[in-house]
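Take a look at the letters that make up each chain.
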Amino acid sequence: MESVKQLGIVADIDGEVAGRQDVDRFFSLSLQLLLIADKNGRIRRCNPAWREQLGWSPEALIGRSFLEFVHPDDLLATQAETTKLSAGGATSQFVNRYRRGDGEWRSLAWSAVAAPDTGRIYAIAHDVTLQEQATQALRANEQRLRDAERLGGLGSWELDLKTEQLFWSDQIYRLLGHEPGKIEPSYHSFLDLVHPEDREAVDRAFQTSVAQHHPYAIAHRIQLTDGSVKWLNEYAETQYADDGTPLRSIGTVQDITEQQHNRLMLAVKARRDEALLALPRIADDLDELAMLQHALALAEDLTESEIGFAHFVNNDQTSVEFAAWSLRTLDAGCQVNHNMHYPLQQAGLWADALRRRTPMIIGDYPAHPHAKGLPTGHIALKRALVVPVLDGNQVTMLFGLGNKVTDYDRIDIESAQLLANEAWRLAQQMRSLAKLKLADQVLAETPQGVAITDADGALVRVNTAFTRITGFSADEVLGQNPRLLKSGMHDSAFYRAIWSEIAQHGSWRGELWNRRKNGELYPQWLSISAVHDPNGEVGHYVGLFTDLSESKQAQEKIDYLSHHDALTGLANRALFNERLEHALTRASGKGHLALLNLDLDRFKQVNDTLGHQDGDQLLIEMARRIRSELLPSDTLARLGGDEFALLLEERAKAAPVAALARELLTRIAKPVTVADRELVVTASIGISLYPADGSDADSLARQASQALGAAKRLSRNSFQFFDRSLTEGALERLITEHALRGAVTRNELRLQYQPQVRLSDGALVGVEALVRWQHPDLGLVPPGQFIPLAEDIGVISEIGTWVIAAACQQLADWDRQGLHLPRIAVNLSARQLDEVALPATIATTLQAFTLQPERLELEVTESMLMRNPDAARALLSELKRLGTRISIDDFGTGYSSLAMLRILPLDQLKIDQSFVRDIGADDNDEAIVRTIIAMARTLGLETVAEGVEDAEQLAFLSHEQVDLGQGYHFAKPLPADDLLTHWRERLSPNSAARTGAF
């Protein structure tokens, strides 16, 4: 509106002759863009600001229409504003893009008014390009956030706990099955969507988290309007007022339905595998009916069924033979008296699995239009699942389950089919073994080795498989004892136990090792049974065995392939996840881990250009390069495609991880020759750290994946921590570490001095020398930012030696200038206290600058003394013998005792500023200060209060008779020249006598 007022003034005085000089002066001096145009838009006058800001001289603009400089996309809107002005003289304010003299487009904000009598347009504008760009960037950032939530399946919400107003991101609506904005977000509307079985737990978890001030984290189900169920993972934190009143909760929601499904699938698969392994072991001790009933019981457990039944199908495929009810079915009261054989036409609806030769599910058996009435004594059948066992084109068995509470699904079909196939296999095996006693043909053709001995143990019959497996012909072994096959791997007790089992139970089954004719040892599964004659006496022993060599080798290969990548030989995802879980267990509560996700940049382009074979060679070479940088404790895996994962257990903190990531990127980016072509391939790395970024495998993997995405988006051939500050901190540390190593040599260190004042009369009695680092790019770096790093990388001793020498030199310089300062204090590091040569170094330095030792005061912290009290006492005693003063710094923050202080050669005790800071505000701190003063007085030590910042603190310390003080109340740390200037300004001309030379 102010611009409009200015335009009105210009329009008023433009027509007055007396005011023309004012208009001219206004036009020439204004920093705004001023313009006068006729009603057709032709520029009649403009000010010099057009040349300075847009590169157009007034001469170049006058006579031209201002519309010809407007961006084409803004032209219609600008013409509409001009027409509106011309028609009614109304004030107009708008923004458009205007072309500079060099062709660049700038955004201008216009205010314009038209004179009603002449139609002239008076306009003022200013450049708002930066504001427009900022607005566009903000909109883009908001859109990127929405896109990131949508792509990541992660929604966010915010609940005002005072007004109960709830905000949902668009992704929240989608996760809840609604279009954004279609329902009013509220806490209660959300609870209504939570699965009824989870609703109370969700509400209780949230209310408890708010009340007890801890994060809200829960996984639960929601029920969508279509009846489907989703699993969500929620996490939120609550913000509180100073008085503890909860203000608002901010949280995220993620769809974990697929993860829950996968976990369920893994659990089902594990139970199924266990059942498939258990059935053949148990079957050895069961007859056919008991084995079938056990198989049905296992299937009932896996599918949560209440009924189980099995039928054999005759070879004609037109009739069935009832085989077994499960024990659970019989226990439930099933009393059907089945005929053993009956035609297919009499079979119920379940027999459609035979007719169709495919598994079938009947969701509502009674309501099915083709369902027949169930026979008397049959349990009511609600739902049914029937799978056929196929042998070639023949259905050999029907395996049925029923009355699951919920609908049967694909997983149930798979479980039932696998157990049915195994039950049929075992049934066939049992029948084959029974026929073996009577059928030489079966004996000859069985793939298992068969050996029959007489009652004395002499071999009387072997089959072809025996010859093939052992390498012995029948002629070579008949009449011999089977002990000629012994491997020597089992002792006599082992064989005695076998024959004892046979004597007691008639048979033995187990695994043992035997020897082939060529001397090769091999494992076999052996079953030995005693065959009795009509008189009940043992007439023969039948041994049935299977060579396990190939199956064990195959199993070993399967085990290897199931845990390793076939191309690179690296661990695969399954093995990597297993090792990650083990590493988390080992590191629980005290260790550190780092998880790196590494992805080759633009690998698809290499594959598409050179082909998959050359792409595979490139992957093998990249795996070799990565592996060459690893420790034995590291785990490298190929997760798939060009994605690798690396688990670090020993060097798992941010700095070494960053160093390794940089080394990996460098090594990967070296040229590689593939198919006679030299390529340069780069990689991106995402890093997550345990425990900072997650406490379980899923969260660490997810954070590393997000960091990898960030690395790819920001700059390929780079690495990114999940916490971006760690990436920046690690890089900054590497850069700072490199620069710090040469800081002393490059003369980049500086000393600043803070006065130490006697409180009784305000006299300056000394200064404390404080080191700073004058970095050419970072500027003046305070000690808190580089001293810990100097200690870590081992250059603190070099810096400490420099500080002592520089402080002594400055004291000598002041002496030469006639400014005698009683003493100067220097801080020692923990590393310096470990140096045997420190006293000699200090003595040499004092001698070099001809300084009395008592003018050098050496400060050590209380915590440094407690690291190794005996060694510290010995070193300080030696320093004291030189004549230097010893001061204990930051007193009250450590754990030293009065007894300890009594045996140390101390001169001074410095009260830590953390206690001085709260004088006047904290009675406890005042009491501590009084106690420290009393202790120092008892030991005969001078006292110095650090961090004195105001008159109230000074008054308290003076009243308590503290000897010296230092802090911002007197002066902040200053360079030598500034210190002298500052101190002279604080003193009156007649007070110099109180401060020695000052």
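Residues numbered from 1 in each chain as written. Predicted model: local features only at pLDDT ≥ 70, side-chain atom pairs only at ≥ 80, totals over all residues. Heavy atoms only, no water.

You'll find the protein entered in an unreviewed UniProt entry as cyclic-guanylate-specific phosphodiesterase, with Lamprobacter modestohalophilus given as the organism.

> Describe the overall build of the protein, and please don't skip the residues or the numbers.
When you go through the protein residue by residue, the secondary structure sums to 36 helices and 37 strands. Burial analysis of the protein (998 residues in total) assigns 45% to the buried set. If you sum the accessible surface of the protein, you get close to 51200 Å²; carbon and sulfur atoms cover 50% of it. (Helix = DSSP H or I, 4+ residues; strand = E, 2+ residues; numbered from the N terminus. Buried < 20%, exposed > 50% of the residue type's maximum accessible area, 1.4 Å probe, protein only. Areas by Shrake-Rupley, 256 points an atom, 1.4 Å probe, with all protein chains shown as cover.)

> Which residues make up the packing of helix 10 (residues 257-283) against helix 11 (residues 288-303), and what are the values?
The contact between helix 10 and helix 11 brings their axes to 10 Å, and the two run at 170 degrees. One element, helix 10, and the other, helix 11, form an angle in the roughly antiparallel class. For the pair helix 10 and helix 11, contact is made by Val268, Arg271, Arg272, Ala275, Leu279, Ile282 and Ala283 and by Met291, His294, Ala295, Leu298, Asp301 and Leu302, respectively. Residues of the contact of helix 10 with helix 11, tallied by class, amount to nine nonpolar, one polar and three charged. (Axes fitted to C-alpha atoms, helices over the stretch in contact; angles between N-to-C directions. Parallel < 35°, antiparallel > 145°, perpendicular 65-115°, else oblique. Contact = heavy atoms within 4.5 Å. Nonpolar A, V, L, I, M, F, W, Y, C, P; charged D, E, K, R; others polar.)

> Describe the pairing of strand 29 (residues 749-758), and please don't skip the residues or the numbers.
Within strand 29, eight of the ten residues are buried, which leaves it mostly tucked inside the rest of the structure. Pairing of strand 29 with strand 30 (residues 764-775) involves nine bridges; the strand directions are antiparallel. Residue Leu749 lies in a different strand from strand 30, and its bridge partner there is Trp773. (Pairing = 2+ DSSP bridges.)

> Describe the packing of aromatic side chains, listing the residues and the values that go with them.
Taken as a whole and judged by the stated rule, the model has 21 aromatic pairs. Centre to centre, the rings of Phe309 and Trp325 are 6.1 Å apart; their planes meet at 70 degrees, and the pair counts as edge-to-face. Highlighted residues: Phe309 in strand 11 (residues 307-313) and Trp325 in strand 12 (residues 319-325), separated in sequence by 16 residues. Note on Phe309: relative accessible area 5%, which makes it buried. Where Phe322 meets Trp325, the ring centres are 5.8 Å apart and the plane angle is 55 degrees; that geometry is what we call tilted. Taken as a pair, Phe322 and Trp325 share a single burial class, namely buried. Over the ring of Phe312 we find Arg431, and its NZ or CZ is 4.4 Å from the ring centre. Over the ring of Tyr522 we find Arg516, and its NZ or CZ is 4.1 Å from the ring centre. (Phe/Tyr/Trp six-rings, centres within 6.5 Å; stacked < 30°, edge-to-face > 60°. Lys NZ or Arg CZ within 6 Å of the ring centre and 35° of its normal.)

> Summarise the environment of Arg930; cite the residues concerned and give the values.
Mapped onto the fold, Arg930 is located in helix 34 (residues 923-939). For the pair Arg930 and Leu957, spaced 27 residues apart in sequence, the C-alpha to C-alpha distance is 9.1 Å. Apart from residues no more than four positions distant in its own chain, Arg930 is found in contact with Phe956 and Glu960.

> Provide a residue-level description of the packing of helix 21 (residues 603-610) against helix 22 (residues 612-627), including the pertinent values.
Two elements in contact, helix 21 and helix 22, have axes separated by 7 Å at closest approach and are oriented at 135 degrees. If you check the angle between helix 21 and helix 22, you find them oblique. The residues of helix 22 that touch helix 21, namely those facing Phe603, Val606, Asn607 and Leu610, are His612, Asp614, Gly615, Leu618 and Leu619. For the contact of helix 21 with helix 22, the residue count by class is five nonpolar, three polar and one charged.

> Mind laying out the nonpolar core, listing which residues take part and the relevant values?
Grouped together as the largest cluster of nonpolar side chains are 77 residues, with contacts concentrated most on Leu740, Tyr753, Trp814, Leu879 and Leu957. Here this core gets ten residues from one element, more than from any other, and that element is helix 27 (residues 796-816). Setting aside residues up to four positions removed in sequence, Trp814 forms contacts with Tyr753, Val767, Leu819, Leu821, Ala976, Leu979 and Leu980. (Core = buried A, V, L, I, M, F, W, Y, C linked by side-chain atoms within 4.5 Å.)

> Mind laying out the sheet that holds strand 19 (residues 507-515), listing which residues take part and the relevant values?
With antiparallel pairing, five strands are arranged side by side in an open sheet as 18-17-21-20-19. Each edge of the open sheet is held by one strand with a lone partner, namely strand 18 (459-462) and strand 19. In this sheet, adjacent strand axes meet at a mean angle of 25 degrees when their direction is disregarded. Bridging between strand 17 (residues 449-454) and strand 21 (residues 538-547) involves six bridges; their strand directions are antiparallel. Looking at the pairing, Asp454 lines up with His540 of strand 21.

> Outline the pattern of salt bridges, supporting the account with residue identities and numerical values.
This structure, assessed with the given rule, holds 51 salt bridges. Measuring nitrogen to oxygen at the nearest pair gives 2.6 Å for the salt bridge that ties Arg425 to Glu422. On the criterion of helical spacing, the pair formed by Arg425 and Glu422 is a turn pair, its members being three residues apart in helix 14 (residues 410-436). For Arg425, a relative accessible area of 39% gives the class partly exposed. For Glu422, a relative accessible area of 14% corresponds to the buried category. Here Lys880 makes a salt bridge to Asp907, at a shortest N to O gap of 2.5 Å. Here Lys880 is found in helix 31 (residues 869-882), whereas its partner Asp907 is found in the loop between helix 32 (898-903) and strand 35 (908-911), with 27 residues between them in sequence. Look at Lys880 and you get partly exposed, because its relative accessible area is 29%. Judged by its relative accessible area of 16%, Asp907 falls in the buried class. Taken together, the salt bridges that share partners define one network made up of Arg100, Asp102, Glu104, Arg106 and Asp127. (Salt bridge = Lys/Arg side-chain N within 4 Å of Asp/Glu carboxyl O.)

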